[in-house]
Amino acid sequence: IAEIYATLKSVKSVEGRLIEIDACIGIAQYPKDDTDFDELMHCADEAMREAKHKGKNTYVIYTDELHAQHLDQITMTNQLRRAVEKDELSMMYQPVYSLHNGQMASMEALIRWHPYGKAAISPDLFIPLAETAGLISDLEWWVFETVFKQVIAWRPMRSRNIPIAINLSSKGISDEEFIQNLIGLMEKVGIMPGEIEIEITETSLIEQPESAMKNLHLLRQQGIKILLDDFGKGYSSLTYLVSLPIDAIKIDKGFTQKIHSSQDIDAIIKGIIDLAHSIHLKVIAEGIEAENQKEFLKALGTDYGQGYLLHYPSSPVDLEKELK
Ligand code: C2E
Ligand code: CA
Ligand code: CA
């Protein structure tokens, strides 16, 4: 393996152009894994896919476990394909509070999947699966339709506007037709732009930056606020941040949970908040689980907070009592 990487590294240019070669390698073994050439290649392919998943310049050796995992994913994808029609999806809502006055400021819509007869599956697992299986657009369309119905149902119960933030995948934010249809749907069912917000992540903007950027502008022109989710988790380039058409950042829960773990972490969090404010972005901290985290964020001027300490994601029925 080391030799293969060394050989690839030694290639410095092709037709006069400077290049750098990374490789993800999948390994299958003859005759252990299979004796048929095509099948053996298939095993190597599965191992390679796993290597790609792990990151650049990694290799993975094919195992039966990997095979079982692959079969599980196929089964899960087939079940997910039918989740909408089988009525297995639902939405939970988690309130976000102003850290200045303690009032509920908005809610985040979070999808749930309860496959019939099985334990619930986390969106962290099935959203990526839906993305690779090409199911994400249908799923996200269902999310928007469901949230819009909820917005309308809640209107008579609330005395002021409480926007609902909806997570949008990289496919969704890059798909112009999807965004146009979305704006069309809002007009058709009568959703005001201030009644919803869109959450996107930095990584979702990287895949197709041009169309993503165009769509962000389109949504903002409509008056819809854009929140940059999971800030601090990815590259989080501060220069890049300045150029983005967004209204707020959500500090990643990983960061919130490290508050007071070192002076450096605390300084970085303060830096992020100050910088965001200096370019007129609001700051939401997610994943607040402890009182001292909340107090620290509040003292630094964080605008909004979300987390188990303040409110768990809850069903519409449970939230209605509070809205009333
Ligand atoms: P996210 O957008 O970062 O959502 C926040 C996650 O943190 C949620 O997990 C929420 O339940 C959880 N959370 C809230 N407060 C706390 C806390 O105090 N501590 C901890 N440890 N966690 C907290 P959930 O609901 O499992 O969602 C996971 C991810 O799945 C979301 O991360 C989002 O990326 C994705 N997702 C959820 N719903 C949708 C959806 O409708 N569409 C799309 N595209 N993605 C979704
Ligand atoms: Ca989110
Ligand atoms: Ca987040």
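Scroll up for the structure.
Now for a quick tour of the structure.

Cut-offs applied
Here, residues in each chain are numbered from 1, in the same order as that chain's written sequence. As a convention, the first chain written is A and the first ligand written is 1, with the rest following in written order. Residue-level local features of this predicted model are given only where pLDDT is at least 70; pairs of side-chain atoms are given and counted only at 80 or more, and the full residue set underlies all totals for whole chains, interfaces and linings. Each side-chain value is worked out from all heavy atoms of the structure, with water and hydrogens disregarded. Helix and strand definitions here come from DSSP, where helices need a minimum of 4 consecutive H or I residues and strands a minimum of 2 consecutive E residues; each element is numbered from the N-terminal end. Using a 1.4 Å probe on the protein chains alone, a residue whose accessible area is under 20% of its type maximum counts as buried, one over 50% counts as exposed, and one in between counts as partly exposed. Should any heavy atoms of two residues lie within 4.5 Å, those residues are counted as being in contact. The donor set comprises N, O and S atoms within 2.8 Å of the metal, extended to 3.2 Å for Na, K and Ca; water molecules are omitted, so apparent gaps in a site may simply reflect that omission. Throughout this document, a residue counts as near a molecule or strand when at least one of its heavy atoms sits within 4 Å of that molecule or strand. Polar contact is the term for a pair of N or O atoms within 3.5 Å; when the atoms are in protein, one must be able to donate a hydrogen and the other to accept it, and sequence-neighboring residues count only if both atoms are side-chain atoms. Amino acids are sorted into nonpolar (Ala, Val, Leu, Ile, Met, Phe, Trp, Tyr, Cys and Pro), charged (Asp, Glu, Lys and Arg) and polar (every other residue, Gly among them). Axis lines are fitted through C-alpha atoms, for helices just across the contact stretch, and the angle between N-to-C directions can take any value from 0 to 180 degrees. By the definition adopted for this analysis, an angle is roughly parallel if under 35 degrees, roughly antiparallel if over 145, roughly perpendicular if from 65 to 115, and oblique otherwise. A crossing counts as left-handed when the near helix is turned anticlockwise from the far one by less than a right angle, and as right-handed when that turn is clockwise. Paired strands are those between which DSSP finds at least two bridges. A clockwise course of the path from the first strand over the helix to the second, judged with the strands pointing away from the viewer, identifies a crossover as right-handed.

A closer look at the overall build of the protein
Alright, step 1. Summing up its helical and strand segments, the protein has 14 helices and 12 strands in all.
Alright, step 2. If one aligns the C-alpha atoms of the protein with their principal axes, the spans along those axes are about 70 × 50 × 40 Å.
Alright, step 3. Across the 324 residues in the protein, those meeting the buried criterion constitute 42%.
Alright, step 4. Long-range pairs, those at least 24 residues apart, make up 64% of the contacts in the protein with a sequence separation of at least 6.

Quick notes on the coordination of the calcium ion (ligand 2)
Alright, step 1. All of the protein donors around the calcium ion (ligand 2) are Glu108 (OE), Asn167 (OD1), Glu199 (OE) and Asp229 (OD); their distances to the metal are 2.1 to 2.3 Å.
Alright, step 2. Counting residues between consecutive donors of the calcium ion (ligand 2) along the chain gives the motif E-x58-N-x31-E-x29-D.
Alright, step 3. Between the calcium ion (ligand 2) and the calcium ion (ligand 3), a spacing of 4.1 Å is present, and a bridge between the two is formed by Asp229. A residue pair is termed long-range when its members are at least 10 positions apart, and Glu199 in strand E8 (residues 196-201) and Asp229 in strand E9 (residues 225-231) qualify at 30 residues.
Alright, step 4. Using a relative accessible area of 2% as the deciding quantity, one classes Glu199 as buried.
Alright, step 5. Asp229 sits in the buried class, given a relative accessible area of 8%.

Quick look at the site of ligand 1
Alright, step 1. Around ligand 1 lies a shell of 23 residues, among which Arg112, Glu140, Asp229, Glu289 and Tyr308 are the nearest.
Alright, step 2. One of the side-chain N or O atoms of Asn167 is found 3.1 Å from an oxygen atom in ligand 1.
Alright, step 3. Only strand E6 (104-113), helix H4 (123-132), helix H5 (136-154) and E9 provide two or more residues apiece to the shell around ligand 1.
Alright, step 4. It is E6 that contributes the most residues to the shell around ligand 1, four residues altogether.
Alright, step 5. The residue inventory of the shell around ligand 1, partitioned by class, reads eight nonpolar, six polar and nine charged.

Thoughts on the coordination of the calcium ion (ligand 3)
Alright, step 1. Bound to the calcium ion (ligand 3) are the protein donor atoms Asp229 (OD), Asp230 (OD), Glu286 (OE) and Glu286 (OE), situated 2.2 to 2.5 Å from the metal.
Alright, step 2. Counting gaps between the donor residues of the calcium ion (ligand 3) yields the pattern D-D-x55-E.

Details of the side chain of Asp33
Alright, step 1. Structurally, Asp33 can be placed in the loop between strand E3 (25-27) and helix H2 (37-54).
Alright, step 2. By relative accessible area, which is 14% here, Asp33 ends up buried.
Alright, step 3. Of the polar contacts made by the side chain of Asp33, one reaches the side chain of Lys32; its length is 2.9 Å.
Alright, step 4. Excluding residues that lie within four positions of it along the chain, Asp33 makes contacts with Ala28, Leu40, Cys43 and Tyr62.

A word on the packing of H5 against helix H7 (residues 176-189)
Alright, step 1. Interaxial distance between H5 and H7 falls to 11 Å at its minimum, and their mutual angle equals 20°. What the angle tells us is that H5 and H7 run roughly parallel. Here the hand of the crossing between H5 and H7 comes out right-handed. For the pair formed by H5 and H7, the contact residues are Ser137, Glu140, Trp141, Phe144, Glu145, Phe148 and Ile152 on the first element and Phe178, Asn181, Leu182, Leu185, Met186 and Val189 on the second.
Alright, step 2. Here the contact of H5 with H7 is built from residues that sort into nine nonpolar, two polar and two charged.

Brief notes about the pairing of strand E11 (residues 282-285)
Alright, step 1. In this sheet, E11 lies alongside strand E10 (residues 248-251) in parallel orientation, the contact comprising four bridges. Within E11, the position partnered with Ile251 by the bridge is Ala285.
Alright, step 2. Examined bridge by bridge, E11 and strand E12 (residues 304-305) share two bridges and lie parallel to one another. What sits directly across from Ala285, in E12, is Gly305.
Alright, step 3. Following the chain from E11 across helix H13 (residues 291-299) to the adjacent parallel E12, one finds a crossover that is right-handed.

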